[in-house]
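Commentary on secondary and tertiary structure
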Amino acid sequence: MTTLKAVRGTRDLLPPETALWNRIEAVARAVFARYNFGEIRTPIFEDTSLFARGVGEETDIVSKEMYTWEDRARAQSEKSQSLTLRPENTAGVVRAYIEHKLGETGQLQKLYYIGPQFRRERPQKGRYRQFFQIGAEVIGPPSAGSESPLRDAEVLEMLATLLDELGITGWTLHLNSVGSSADRARYNEALRAALEPIAHTMCADCQRRAVTNPLRVLDCKVPEDQPIIEKLPRIADHLDPESQQHFAAVTAALDAAGVPYTLNHRLVRGLDYYTRTTFEFTHGGLGAQNAILGGGRYDGLSEALGGPRAPGIGFAIGEDRLVLTLQAQEPDQNSAPRQAADAYIAPLGEAMNAAALSLARELRHTGLAVELGEGSFRLKKSFEAADKTARCIVILGEDELQSGILTVKDFSTGTQTKVPRAELAVFLAEPNRG
Ligand code: HAM
């Protein structure tokens with residue numbers, strides 16, 4: 001029989017690596033709390049049209065990377081429906097904002113999420129078909145200040161703080177403005193016109209994109225195309241005065257807060273909903289997939305999904321890439337030994353197993369970390385197992401059970417002590433033991 005494996009592009013996360021994932025998530029939650037964000041959890045699958053309308057039919061994500069299936073009706077009252085595993089979470093959050101009429105509160109909604117996303121991409125280091133994002137969205141009616149450039153700057157400043165607190169060094173913030181949707185449309189036409197006479201000299205992808213989606217030409221990495229791309233029209237020259245002012249206010253606030261950034265006029269991003277500010281944080285240690293996170297403003301998304309006017313800005317961090325970055329920076333992260341348990345209880349004989357479970361329960365209720373042995377083990381095997389997992393071994397045999405005095409050996413000092421059962425928890429919890 002062939003052995004089953006995790007599906008291509010998916011993977012298992014095991015201890016001790018999961019401890020690093022948990023640490024990252026704990027730091028993110030703590031930072032988000034300080035900026036007054038609350039957690040949102042949206043479903044992992046949604047109606048396919050949410051992504052077609054939200055992310056954009058022409059994008060790579062929607063046109064070729066989604067996991068979509070037809071969910072057949074199971075009762076007459078149900079309709080069959082096309083469903084999709086979420087490839088990203090912004091569209092879902094905005095759908096929830098509309099569905100729960102969060103705009104009617106008149107307040108700015110500051111929501112964060114942590115969870116899996118799914119894209120059928122070609123797997124490679126840092127690129128998976130199931131990957132995890134830590135993201136956040138700030139969205140609300142314009143009267144709540146949702147359009148203000150201060151929101152953009154605050155989100156970027158929060159990201160700089162989060163990466164610093166995680167201990168990620170050497171990140172670069174790339175910043176751009178793609179203007180209003182009218183600016184983008186004008187720029188698209190200017191690019192199309194500029195590309196028409198020269199596209200045939202470029203790579204095959206650029207030739208195709210020059211016709212279907214000229215903005216994507218700016219993403220091209222083929223070295224021979226770079227001098228041509230550098231001479232193409234720039235979006236900065238196609239922004240209306242409001243978008244220019246908005247962007248100037250974002251950069252002024254970042255300057256004042258001391259958050260470093262690099263202007264990158266080629267940063268247009270691969271999702272259709274963006275307006276004005278767009279950004280990515282990259283890290284040199286990641287190789288080809290060097291974006292740790294991406295995001296931007298999406299002032300028209302709510303309306304595109306049939307909701308009220310609700311400008312917003314947000315980001316999503318690729319958690320898999322954060323982990324890779326930290327592992328590359330601190331190679332010991334993964335080999336760190338698992339935290340040793342406080343005690344290993346070794347029942348002497350299977351007849352002692354039930355009593356051992358009771359003792360373990362008692363000690364665990366006091367907050368101690370306890371590993372439970374098995375009565376069929378010889379004493380030598382118990383000692384070996386205990387030495388690998390715990391700081392102390394507690395021997396539990398007939399005599400101990402009857403006398404209520406237990407033998408405890410501390411592996412770090414090598415000392416063996418007789419401890420009355422009533423004092424065992426306090427004895428094991430003593431500071432400096434082990
Ligand atoms: P995105 O740029 O498509 O934006 O993804 C954000 C981040 O997710 C990327 O920078 C990368 O770190 C990670 N990522 C994307 N695809 C993969 C993959 N296949 N494997 C591993 N990591 C990946 C969004 O998803 C937007 N929803 C961000 C946003 C929120 N914009 C506004 N609000």
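Residues numbered from 1 in each chain as written. Predicted model: local features only at pLDDT ≥ 70, side-chain atom pairs only at ≥ 80, totals over all residues. Heavy atoms only, no water.

**Some words on the site of the ligand**
- Around the ligand lies a shell of 27 residues, among which Glu88, Glu121, Tyr128, Glu137 and Tyr274 are the nearest.
- Within the side chain of Glu137, an N or O atom sits 2.9 Å from a nitrogen atom of the ligand.
- Contact distances for the ligand include 3.3 Å between an oxygen atom and a backbone N or O atom of Gly318.
- Within the complex, the protein chains bury 96% of what would otherwise be the 660 Å² of accessible surface of the ligand.
- Mapped by element, the contributors of at least two residues to the shell around the ligand are β6 (130-139), β10 (291-297) and β11 (312-318).
- A total of 6 residues in the shell around the ligand trace back to one element, the largest contributor, which is β10.
- Considering only residue class, the shell around the ligand consists of 12 nonpolar, 8 polar and 7 charged. (Near = heavy atom within 4 Å. Polar contact = N/O pair within 3.5 Å; in protein donor to acceptor, adjacent residues only side chain to side chain. Areas by Shrake-Rupley, 256 points an atom, 1.4 Å probe, with all protein chains shown as cover. Helix = DSSP H or I, 4+ residues; strand = E, 2+ residues; numbered from the N terminus. Nonpolar A, V, L, I, M, F, W, Y, C, P; charged D, E, K, R; others polar.)

**Quick word on helix α6 (residues 181-195)**
- In a regular helix each residue adds 1.5 Å, so 15 residues correspond to 21 Å; α6 covers 21 Å between its end C-alpha atoms and thus fits that length.
- Turning to α6, its buried residues number three or more, namely Asp183, Arg184, Tyr187, Asn188, Leu191 and Leu195. Seen end-on, α6 carries its buried residues on one side only, within an arc spanning 135 degrees.
- Residues of α6 that are buried sit in contact with α7 (204-212) and α9 (241-257). (Expected span 1.5 Å × (residues − 1). Buried < 20%, exposed > 50% of the residue type's maximum accessible area, 1.4 Å probe, protein only. Arc of directions from axis to C-beta. Contact = heavy atoms within 4.5 Å.)

**Thoughts on the environment of Glu17**
- With respect to the helices, strands and loops of the structure, Glu17 is situated in helix α1 (residues 17-34).
- A relative accessible area of 18% places Glu17 in the buried class.
- With 310 residues separating them along the chain, Glu17 and Gln327 place their C-alpha atoms 9.5 Å apart.
- Here the side chain of Glu17 touches Trp21 through a polar contact of 3.0 Å, side chain to side chain.

**Structural notes on the sheet that holds β11**
- Spatially, 8 strands are ordered β1-β5-β6-β11-β10-β9-β7-β8 in an open sheet, and the strand pairing comes out mixed. Of all the strands in the sheet, just β1 (38-39) and β8 (262-263) have a single pairing partner and so form its edges.
- Summarising the sheet, β1 and strand β5 (residues 109-118) pair through 2 bridges and their orientation is parallel. Along β5, the bridge assignment pairs Gly38 with Leu111. (Pairing = 2+ DSSP bridges.)

**Side note on unusual backbone geometry**
- For the bond from Pro15 to Pro16, the omega torsion is 5 degrees, close enough to zero to count as cis.
- In this structure, Asn36 is a non-glycine residue whose phi angle is positive, near 65 degrees.
- If you trace the backbone, Asn36 turns up in the loop between α1 and β1.
- By relative accessible area, Asn36 is classed as exposed at 60%.
- Notably, Lys101 is not glycine yet its phi reads approximately 50 degrees, a positive angle.
- Among the structural elements, Lys101 can be located in the loop between α4 (90-99) and β5.

**Examining the nonpolar core**
- Counting residues in hydrophobic clusters, the biggest one holds 45 residues, and the most contacted among them are Phe32, Phe279, Phe281, Phe315 and Ile317.
- At 9 residues, helix α5 (residues 149-166) tops the list of elements feeding residues into this core.
- Not counting chain neighbours up to four residues away, the residues in contact with Phe281 comprise Leu156, Leu159, Ala160, Leu163, Trp171, Thr172, Leu173, Asn290, Ala291, Ile292 and Leu293.
- Core analysis: the next-biggest nonpolar cluster, separate from the first, contains 37 residues, Tyr187, Val217, Ile229 and Leu305 among them. (Core = buried A, V, L, I, M, F, W, Y, C linked by side-chain atoms within 4.5 Å.)

**Considerations on the packing of aromatic side chains**
- Going through the model one piece at a time under the given rule, you end up with 9 aromatic pairs.
- Between Phe32 and Phe37 the ring centres are 6.0 Å apart and the planes differ by 45 degrees, which places this aromatic pair in the tilted class.
- Residue classification places Phe32 among the buried residues on the basis of a relative accessible area of 0%.
- By way of ring pairs, the aromatic residues Phe32, Phe37, Tyr112 and Phe315 are connected into one cluster.
- The residue whose ring lies beneath Arg11 is Tyr128, and the NZ or CZ to ring-centre distance is 4.0 Å.
- For the cation-ring pair, Lys381 lies above Phe377, with the distance from its terminal atom to the ring centre recorded as 4.3 Å. (Phe/Tyr/Trp six-rings, centres within 6.5 Å; stacked < 30°, edge-to-face > 60°. Lys NZ or Arg CZ within 6 Å of the ring centre and 35° of its normal.)

**Some remarks on the domain arrangement of the protein chain**
- Partitioning the protein chain into structural domains gives domain 1 (17-180 + 240-332) and domain 2 (343-428).
- A separation of 49 Å is found between the C-alpha centroids of domain 1 and domain 2. (Domains from an automatic or database assignment.)

**A word on the sheet that holds strand β15 (residues 405-410)**
- Strand order in the open sheet formed by 5 strands is β13-β12-β14-β15-β16, with mixed pairing between adjacent strands. One side of each edge strand has no neighbouring strand; the edge strands of this open sheet are β13 (370-372) and β16 (416-420). The average undirected angle you get between the axes of adjacent strands in this sheet is 30 degrees.
- Of the strand pairs in this sheet, strand β14 (residues 390-396) and β15 are connected by 4 bridges, and their pairing is antiparallel. Looking at the pairing, Ile393 lines up with Lys409 of β15.
- Each of β12 (341-347), β13, β14 and β15 touches helix α12 (residues 353-365); the most contacted strand, β13, lies at about 170 degrees to it.
- Strand contacts of helix α13 (residues 379-389): β12, β13, β14 and β15, with the helix running at about 150 degrees to β14, the strand carrying the most contacts. (Axes fitted to C-alpha atoms, helices over the stretch in contact; angles between N-to-C directions.)

**Remarks on the pattern of salt bridges**
- Tallied over the entire structure, the rule returns 22 salt bridges.
- The partner of Arg29 in a salt bridge is Glu39, and the shortest N-O contact between them spans 2.8 Å. Pair noted here: Arg29 is in helix α1 and Glu39 is in strand β1, with a separation of 10 residues, a long-range link.
- Notably, a salt bridge pairs Arg95 with Glu99, separated by 2.7 Å at the nearest N-O pair. Of this pair, Arg95 and Glu99 both sit in helix α4, 4 residues apart, which is roughly one turn of that helix.
- Three or more residues are tied together by salt bridges with common partners; here these are Arg29, Glu39 and Arg41. (Salt bridge = Lys/Arg side-chain N within 4 Å of Asp/Glu carboxyl O.)

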